[in-house]
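# Geometric and topological summary
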Amino acid sequence: MKISRRGALKITGVGILALTALPRMAFAARNSLRSLRTGVQPGGKTRLVIETATRPSYSLSYPANQLVVTLPNTAANTGISPKLASGTLVKSLAQAQSGDTLQIIVNLNKSIAPIQKSQIMVLEPNGDNDYRLVLDFVAGTGAATAAPSVAATTPAKKSTTPAKKYIIVVDAGHGGKDPGCIGRGGTREKDVVLSVAKKLKTKLDANGFQTYLTRGGDTYLKLAERAAIAERKKADLFISLHANANPSRKMKGFSIYTLSEKASDEEAKKLAEAENAADKIGVEGFTEFEENIRIALSSLQQHAVAEMSEEYATGCAKYFKKSSIEQQPGPDVRHAPFAVLRSTVPGALLELGHLSNAAEEKLLKSSAHQDKLVAAIVKSVKNYNFDV
Ligand SMILES: [Zn+2]
């Protein structure tokens, strides 16, 4: 799982900034430090983020109970306080300037093994962020103690890590034997959401995302399997598409949900029960090709996933409203125990509108309205802050 976000975890500690050597800037460093922060990633990883004004070059070394990140041609920044999340391996962070080389001294609770390349990213600026060197690590054994000392730091090498392509899994609800809800005009939820899902994939891919569909055709998939696909693809975001039905034919509008064990209201509870009921439809010959992925997340990680989901969902509601898509009366984001959202991937379930409402049924099956929905979802994804 590659989820990561600033603000996903409550920042509790006030960072300790110890400048061991900061000479007057007699040199003109090309790069400069902007911020330092840590966070917890699902899977128990500690994430360190070093934000710099230009693309950072770096090298790493691993003295006992430390990680040292050496940034050549980079100026320290005395004006910042590192933001340290609780529950990480990082005790404190310090900057040490020597000539035009900046070292970030990361004091750890435990030694770590050298960080694998796959756990290091250099992210391009986006939104409020500059360049970020992102390092993920866990407590390790052996190798760390044999690592060279700070003084023996190897020369910095240019980072060639490409900008990360974010992975989105789009889930068209229902399918196969399970039509979902059906409008008075005969429009089936499974068809509407598949059509929207396909359009959405095309647009997201065109916008630089790597998008996968849980189903590309009229097939039945268990809810846990949909969530498992998001896990297998190591998705950064999961979007489950649905359309609603209400006993009142007057009820219309979209609504957006995230996972919680307790429903936010009676309506959300009923909706989750209805959507979860999809799994009770028996299908002859269906083979589960994988055991349901069992997710044992710590409460801290669950909290992180929930906060990321909430932020995505809130943004999504905003873009729907901005696009003048009618909203069902109620809060922007509701919560309920949707089985399909039970994973380590942040995400939301979007009820795109009501098939039980005649006018909205007409809209939902029209290509123009589907395009409008897709455009709003694309905006919500593009504006979601994937990075720390
Ligand atoms: Zn549904």
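Residues numbered from 1 in each chain as written. Predicted model: local features only at pLDDT ≥ 70, side-chain atom pairs only at ≥ 80, totals over all residues.

## Some words on the overall build of the chain
When helices and strands are tallied, the chain shows 6 helices and 17 strands. With 388 residues in all, the chain has 45% of them scored as buried. Long-range contacts, defined here as pairs at least 24 residues apart, represent 81% of the contacts in the chain between residues at least 6 apart. (Helix = DSSP H or I, 4+ residues; strand = E, 2+ residues; numbered from the N terminus. Buried ≥ 20, exposed ≤ 12 C-beta atoms within 10 Å, placed from the backbone. Contact = placed C-beta atoms within 7 Å.)

## Details of the confidence of the model for the chain
Any region with low pLDDT has predicted coordinates that should not be read closely. Per-residue confidence for the chain gives a mean pLDDT of 82, with 80% of residues at or over 70. Within the chain, no element has a lower average pLDDT than strand 1 (residues 11–14), which sits at 32, and none a higher one than helix 1 (residues 189–206), at 98. A low-confidence stretch, residues 142–161 (pLDDT under 50), is modelled with 41 contacts involving residues beyond four sequence positions or located in other chains. (pLDDT = per-residue confidence, 0-100.)

## Side note on the packing of helix 1 against helix 6 (residues 367–382)
The geometry of a pair of packed helices is captured by two quantities: the angle between their axes and the separation between those axes. Taken N-terminus to C-terminus, the directions of helix 1 and helix 6 make an angle of 45°; their axes are 9 Å apart at the nearest point. By the criterion of interaxial angle, the relationship of helix 1 to helix 6 is oblique. By crossing handedness, the relation of helix 1 to helix 6 is classed as right-handed. Residues S195, V196, K199, L200, K203 and L204 of helix 1 form the contact with helix 6, whose participating residues are Q370, D371, L373, V374, I377, V378 and V381. Looking at the contact of helix 1 with helix 6 residue by residue, the class counts come to 8 nonpolar, 2 polar and 3 charged. (Axes fitted to C-alpha atoms, helices over the stretch in contact; angles between N-to-C directions. Parallel < 35°, antiparallel > 145°, perpendicular 65-115°, else oblique. Left-handed = near helix turned anticlockwise from the far one by under 90°. Nonpolar A, V, L, I, M, F, W, Y, C, P; charged D, E, K, R; others polar.)

## Quick word on the sheet that holds strand 4 (residues 59–61)
Across the sheet, 4 strands lie side by side as 4-5-9-8; this open sheet has antiparallel pairing. This sheet does not close on itself; its edge strands, each paired only once, are strand 4 and strand 8 (90–98). Averaged over all pairs of adjacent strands, the angle between strand axes in this sheet comes to 20°, irrespective of strand direction. Pairing between strand 4 and strand 5 (residues 66–71): 3 bridges, direction antiparallel. (Pairing = 2+ DSSP bridges.)

## Thoughts on unusual backbone geometry
One non-glycine residue, K234, lies in the positive phi region at around 50°. Of the residues examined, K234 has 13 C-beta atoms within 10 Å and is grouped as partly exposed.

## Focus on helix 6
The end-to-end C-alpha separation of helix 6 is 22 Å, in line with the 22 Å expected for 16 residues at 1.5 Å each. Turning to helix 6, its buried residues number three or more, namely Q370, L373, V374, A376, I377, V378, S380 and V381. (Expected span 1.5 Å × (residues − 1).)

## Structural notes on the sheet that holds strand 13 (residues 210–213)
With respect to topology, 6 strands assemble into an open sheet ordered 13-12-14-17-15-16, the strand pairing being mixed. In this open sheet, the two edge strands, each paired with only one partner strand, are strand 13 and strand 16 (333–336). The average angle at which neighbouring strand axes cross in this sheet is 25°, direction not considered. Pairing between strand 15 (residues 255–259) and strand 17 (residues 347–354): 3 bridges, direction antiparallel. In the sheet register, S255 faces strand 17, and the bridge partner there is E351. Together, strand 14 (237–244), strand 15 and strand 16 form the strand contacts of helix 3 (residues 266–276), whose direction differs from that of strand 16 by roughly 60°.

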